[in-house]
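The lines below spell out each chain.
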Amino acid sequence: MAASYDRLAVAASLVAVVVVAVVVAGLPAAGALGVNWGTMATHRLPPGTVVRMLEDNGIRKVKLFDADAGPMDALAGSSVEVMAAIPNNMLDMMTDYGTARDWVHQNVSRYNFDGGVNIKYVAVGNEPFLSSFNGTFLNVTLPALQNIQRALNDAGLGDTIKATVPLNADVYNSPTDNQVPSAGRFRSDIAGLMTEIVQFLNQNGAPFTVNIYPFLSLYDNDDFPLDYAFFDGTSSPVVDTGNGIRYTNVFDANFDTLVSALAAAGVGGLPVVVGEVGWPTDGDKHATAAYAQRFYAGLLRKLAANTGTPLRPGYIEVYLFSLIDEDAKSVAPGNFERHWGIMRYDGQPKYAMDLSGQGRNTALVAARGVQYLPRQWCVVNPNAPDMSKIGDSVTYACTFSDCTSLGYGSSCNGLDAVGNASYAFNMYFQVQNQVEGSCDFQGLAVPTAQNPSTDACNFTIQITPSAGSRRRATAAAALLLLVLLAALHVAP
């Protein structure tokens, strides 16, 4: 999902940092499967741990949201194929060819050696044409794309590394009076720009990259038929009156709407990469592990069979979204945003998942060597003298941690008032690395060695922050102090 990756969030009094964490998606069923590795969590698994986890699970493709040195260095020497990325906030810079050339030199060419990083794509931006961006990136995306591909070509890498633009599926649609895949066209307000982009991709042998989310179809529309979001059949298929094709799932219908839009733009044979597709496990009534398991079982079975879609049969290159939950992502689209991982925050599998698509009841391989903070939690103090301000304390705790599991339809929604407060206090306590004073809340909270988790609701013990995370925390603490001093007009 489009988001401001590499963003820091800071807790006001005790200074905690919300820093990069690792999230990736998927593995190679029939060689087609990749995963997304995002970087917005309060506690990140070390990059080397993530790369080892990818290899342990047979994952051979990974899509990044930047070209951060930590993941890139960890990927060097591995067998994992990489899509590095340029964030949206750098697109304007890339309209200058010299800057684009320097970026390619620093983030692509320097990894191009025997035993380096196997870079296959450069993602120029991330869903830059979302309507929520109010046209911010409309005038810079194509020039940035052109300059990056030119820089790759000039560096002698253009034959093997292609620049592409990951786009949300909202860049194409069918007319309201004929909502079938065969009528698919690019969105009217960007049709001309999209035609230029796809023709440029076609000329340079680069794929069109699209993010497709059947879950969001269900989330956005209460009347959307549940079975149509999955791959195991529906009692009410959609018949395309233009060609008589019966669609039994929204993924195929969405993909073929794009295929029709590409054909209308004169590039009907342009390869398509699915840059993101997945199902979250918390934060909404439909975001459950059972539904995620059902969705992935159908998707992986489809990929392994190489059936493709009615208008584009055969192989589809797919990157699952995502590998690990990110507890610091923006929840503007919904609370589910922090729960897309097929793995938990600590690299533990959430459910059985057969990445080969053969239908076996197998488990993913967990991250190895993960270190945790001490086994202690933070809960409501049963002897607190005054509970009148507990609401303010809960709000504060949730502002600087992740309480999305408490929302309606979420895994911890069944807790009582004391349980809700304890959950919030504990999440804040863990984000703060259990430092002294972070489980107090004016006497309302107290540490405990007794696990308050329930069958449905897990009270987290966070992983030990890596050395890189600690350095980021120290830098962020210093930055926050300067900001506070400046606000108070106090000289440091």
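Only a predicted model underlies this, so the values are computations on that prediction, with no experimental measurement involved. (Residues numbered from 1 in each chain as written. Predicted model: local features only at pLDDT ≥ 70, side-chain atom pairs only at ≥ 80, totals over all residues. Heavy atoms only, no water.)

### Looking at the packing of helix α3 (residues 97–107) against helix α4 (residues 141–154)
And step 1. Running from amino to carboxyl end, α3 crosses α4 at an angle of 55°, the nearest separation of the two axes being 9 Å. With respect to α4, the element α3 is oriented oblique. Helix-helix and strand crossings are classified by hand; for α3 and α4 the assignment is right-handed. Together, Y97, A100, R101, W103 and V104 of α3 and N147, I148, R150, A151, L152 and D154 of α4 make up the contact between the two elements.
And step 2. Partitioning the contact of α3 with α4 into residue classes produces seven nonpolar, one polar and three charged. (Axes fitted to C-alpha atoms, helices over the stretch in contact; angles between N-to-C directions. Helix = DSSP H or I, 4+ residues; strand = E, 2+ residues; numbered from the N terminus. Parallel < 35°, antiparallel > 145°, perpendicular 65-115°, else oblique. Left-handed = near helix turned anticlockwise from the far one by under 90°. Contact = heavy atoms within 4.5 Å. Nonpolar A, V, L, I, M, F, W, Y, C, P; charged D, E, K, R; others polar.)

### So, the environment of H105
And step 1. Within the fold, H105 resides in helix α3.
And step 2. Between the C-alpha atoms of H105 and A155, which are 50 residues apart in sequence, the distance is 7.8 Å.

### Looking at the layout of surface pockets
And step 1. Roughly 510 Å³ of internal volume is contained in the second largest pocket.
And step 2. For the lining of the second largest pocket, a count of residues per class yields seven nonpolar, eight polar and nine charged.
And step 3. Residue assignment places the lining of the second largest pocket across two domains, with domain 1 (29–343) and domain 2 (377–448) each supplying three or more. (1 Å grid on protein atoms, 1.4 Å probe; cavity = no way out; pocket = protein on both sides within 12 Å on 5 of 7 lines; lining within 4 Å. Points joined across faces, edges and corners; volume = space filled by probe spheres on them. Domains from an automatic or database assignment.)

### Quick word on the sheet that holds strand β4 (residues 118–124)
And step 1. The parallel open sheet is built from nine strands, whose spatial order is β5-β4-β3-β2-β1-β13-β12-β9-β6. Because the sheet does not close on itself, it has two edges, and the strands there are β5 (162–164) and β6 (166–168). Strand after strand, the sheet turns through a mean of 25° between neighbouring axes, direction not considered.
And step 2. Note that β6 and strand β9 (residues 208–211) share three bridges and pair parallel. (Pairing = 2+ DSSP bridges.)

### Looking at the environment of R101
And step 1. Along the chain, R101 falls in helix α3.
And step 2. With 47 residues separating them in the primary sequence, R101 and I148 have C-alpha atoms 7.0 Å apart.

### A short note on the pattern of salt bridges
Any two side chains of opposite charge can pair if their charged atoms end up close together.
And step 1. In total, this model carries 17 salt bridges according to the counting rule given.
And step 2. One salt bridge connects E81 with K120, and the closest N-O pair in it is separated by 3.8 Å. Within this pair, whereas E81 is found in strand β3 (residues 81–86), its partner K120 is found in strand β4, the two being separated by 39 residues in sequence.
And step 3. Relative accessible area serves as the criterion here: at 26%, K120 is assigned to the partly exposed category.
And step 4. The closest approach of N and O atoms between D227 and R294, which form a salt bridge, is 3.1 Å. With a gap of 67 residues between them, D227 in the loop between α6 (214–220) and β10 (238–239) and R294 in helix α8 (residues 289–305) connect regions that are remote in the sequence.
And step 5. Residue D227 is classed as partly exposed on the basis of its relative accessible area, which comes to 32%. (Salt bridge = Lys/Arg side-chain N within 4 Å of Asp/Glu carboxyl O. Buried < 20%, exposed > 50% of the residue type's maximum accessible area, 1.4 Å probe, protein only.)

### Thoughts on the packing of α4 against helix α5 (residues 191–203)
And step 1. Between α4 and α5, the least distance of the axes is 10 Å, while the angle of their chain directions is 10°. The orientation of α4 relative to α5 falls into the category roughly parallel. Between α4, through L142, L145, Q146 and Q149, and α5, the contact on the second element is made entirely by L193, E196, I197, F200 and L201.

### Considerations on helix α9 (residues 390–399)
An α-helix turns once per 3.6 residues; consequently, residues spaced three or four apart project the same way.
And step 1. Buried residues of α9: I390, S393, V394 and A397, and no others. Down the axis of α9, the buried set is contained in an arc of 100°. They therefore lie on one face. For α9, the exposed residues lying more than 90 degrees away from the buried face are D392, T395 and T399.
And step 2. Contact partners of the buried residues in α9: β14 (377–380) and α10 (417–431). (Arc of directions from axis to C-beta.)

### Focus on α3
And step 1. Three or more residues of α3 are buried, namely Y97, G98, A100, W103, V104 and N107.
And step 2. Each element contacted by the buried residues of α3 is listed here: α2 (69–75), β3, β4 and α4.

### Looking at the confidence of the model for the protein chain
And step 1. Counting all residues, the mean pLDDT for the protein chain is 90, and 88% of those residues have values of 70 or more.
And step 2. Residue range residues 3–30 is modelled with pLDDT below 50. Its contacts to residues more than four positions away, or to other chains, number 143 contacts.
And step 3. The low-confidence segment residues 471–492, where pLDDT is below 50, has 17 contacts with residues more than four positions distant or belonging to other chains. (pLDDT = per-residue confidence, 0-100.)

### Looking at the state of the cysteines
And step 1. Going through the model one piece at a time under the given rule, you end up with three disulfides.
And step 2. Here C378 engages in a disulfide with C439; their sulfurs sit 2.0 Å apart. Handedness of the C378-C439 disulfide follows from its S-S torsion of about 90°: it is right-handed. With C378 in strand β14 and C439 in the loop between α10 and β15 (445–448), the pair connects residues that are 61 residues apart, well separated along the chain. Each member of the pair C378 and C439 is classed as buried.
And step 3. Sulfur-sulfur distance for the disulfide between C398 and C403 comes to 2.1 Å. Negative torsions about the S-S bond denote left-handed disulfides, and the value of about -85° found for C398 with C403 makes this one left-handed.
And step 4. Going through the protein chain in sequence order and numbering each bonded cysteine, the pairs you get are 1-5, 2-3, 4-6. (Disulfide = S-S within 2.5 Å.)

### Things to note about the side chain of K329
And step 1. Following the sequence through the fold, K329 ends up in the loop between β13 (317–320) and β14.
And step 2. On the basis of relative accessible area, K329 is assigned to the buried category, the value being 0%.
And step 3. One polar contact links K329 to E337, side chain to side chain, over a distance of 2.8 Å. (Polar contact = N/O pair within 3.5 Å; in protein donor to acceptor, adjacent residues only side chain to side chain.)

### Description of the nonpolar core
And step 1. With 111 residues, the main nonpolar core has I148, F186, M194 and F208 as its most contacted residues.
And step 2. Looking at this core, the element that brings in the most residues is helix α7 (residues 250–264), giving eight residues.
And step 3. C403, L406, F425 and Y428 belong to the second largest nonpolar core, which has 26 residues in total. (Core = buried A, V, L, I, M, F, W, Y, C linked by side-chain atoms within 4.5 Å.)

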